[in-house]
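A look at the structure
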Amino acid sequence: MDSLLPDKLQLEIVTPDRLLLREEVEELQIPGKNGYLGILPGHAPLITELQIGELSYRQDKTTHYLSVAWGYCEVLPDRVTVLAEIAERAEEIDVNRALAAKERAEKRLAGLQNPDLDFNRAMISLQRALVRLQVSQKRVGALQ
Ligand code: ATP
């Protein structure tokens with residue numbers, strides 16, 4: 001055992017429904033509570049909350065993308081565990097569903113004079129739909 005830094009990270013992404021991913025990766029980027037956080041092997045330990053956003057990780061020359069929303073992430077020098085409330089790989093995203101969710105949210109927000117409108121809820125739906133649409137365009141093999 002030497003004191004060299006690890007050159008890979010064990011990444012595990014879990015949601016309440018499933019183990020979404022367990023892979024060895026070279027680096028990743030997560031939507032942390034205070035903004036996007038880049039993580040390389042050997043990173044100092046930390047725990048952060050996740051917000052709605054794009055999570056990406058690199059394996060070799062390929063970067064993979066997921067849409068995530070809420071939860072926690074634990075970073076250790078050689079492993080990262082993501083406990084996400086909601087997460088989908090880019091390849092799993094149903095674009096029509098996300099487009100419909102975006103339109104619904106936009107319509108609600110357009111009716112701002114409606115006193116029953118839950119503004120935060122509509123904004124969150126819109127944000128989730130926009131992230132899903134953005135991530136779905138980055139699926140492996142997609143023309144960028
Ligand atoms: P919708 O309004 O379309 O139901 P939502 O944002 O309310 O979307 P969520 O509560 O975020 O849906 O997610 C519920 C479940 O459906 C989760 O398992 C999530 O991964 C999945 N999901 C939601 N939208 C999509 C999508 N566009 N493509 C694939 N899976 C989705």
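Reference entry: report on the structure contained in this document. (Residues numbered from 1 in each chain as written. Predicted model: local features only at pLDDT ≥ 70, side-chain atom pairs only at ≥ 80, totals over all residues. Heavy atoms only, no water.)

With that settled, consider a positive patch on the surface. Taken together, the side chains of R97, R104, R108 and R121 present a region of like positive charge at the surface. Here the element with the most residues in the positive patch is helix α1 (residues 95-110); it accounts for 3 residues. Tracing the sequence through the fold places R108 in helix α1. (Patch = residues over 30% accessible without salt bridge, like charges linked within 9 Å, V, L, I, M, F, W, Y side chains within 5 Å. Areas by Shrake-Rupley, 256 points an atom, 1.4 Å probe, with all protein chains shown as cover. Salt bridge = Lys/Arg side-chain N within 4 Å of Asp/Glu carboxyl O. Lys, Arg positive; Asp, Glu negative; His and termini not counted. Charge placed at Lys NZ, Arg CZ, Asp CG, Glu CD. Helix = DSSP H or I, 4+ residues; strand = E, 2+ residues; numbered from the N terminus.)

Now for the pairing of strand β7 (residues 62-76). On a regular strand, one side chain projects to one face of the sheet and the next to the other, so that they alternate. Alignment of strand β5 (residues 46-49) against β7, held across 4 bridges, turns out to be antiparallel. Counted as the bridge partner of E49 is Y72 from β7. In terms of strand pairing, strand β6 (residues 53-59) meets β7 through 7 bridges, oriented antiparallel. When the sheet's bridge partners are listed, Y57 is paired in β7 with H64. In this structure, the hairpin formed by β6 and β7 is closed by a connection of 2 residues, where D60 is found at a positive phi of approximately 60°. Bridge analysis of β7 against strand β8 (residues 79-89) gives 10 bridges, and the strand direction is antiparallel. From the neighbouring strand, A69 faces β8, where its bridge partner is I86. Counted between consecutive antiparallel strands, the loop separating β7 from β8 contains 2 residues. (Pairing = 2+ DSSP bridges.)

The subject of this paragraph is the environment of G71. Relative to the elements of secondary structure, G71 occurs in strand β7. Taking the C-alpha atoms as reference, G71 lies 17 Å from L28; in sequence the two are 43 residues apart.

Turning our eyes to something else, we now look at helix α2 (residues 119-136). Its 18 residues place the ends of α2 26 Å apart at the C-alpha level, agreeing with the 26 Å of an ideal helix rising 1.5 Å per residue. Residues of α2 that are buried include every one of A122, L126, A129, V131, L133, V135 and S136, and no others. Where α2 is buried, its residues contact β6, β7 and α1. (Expected span 1.5 Å × (residues − 1). Buried < 20%, exposed > 50% of the residue type's maximum accessible area, 1.4 Å probe, protein only. Contact = heavy atoms within 4.5 Å.)

Overall, the coordinates contain 9 salt bridges when judged by the stated rule. The partner of R18 in a salt bridge is E92, and the shortest N-O contact between them spans 2.7 Å. Remark: E92 occurs in the loop between β8 and α1 and R18 occurs in the loop between β1 (9-14) and β2 (19-25); sequence separation between them is 74 residues. You can call E92 partly exposed: its relative accessible area is 36%. Here the salt bridges share partners, and the residues they tie into one network are K8, E26, E27 and R58.

What is shown is where atoms sit, not what they do.
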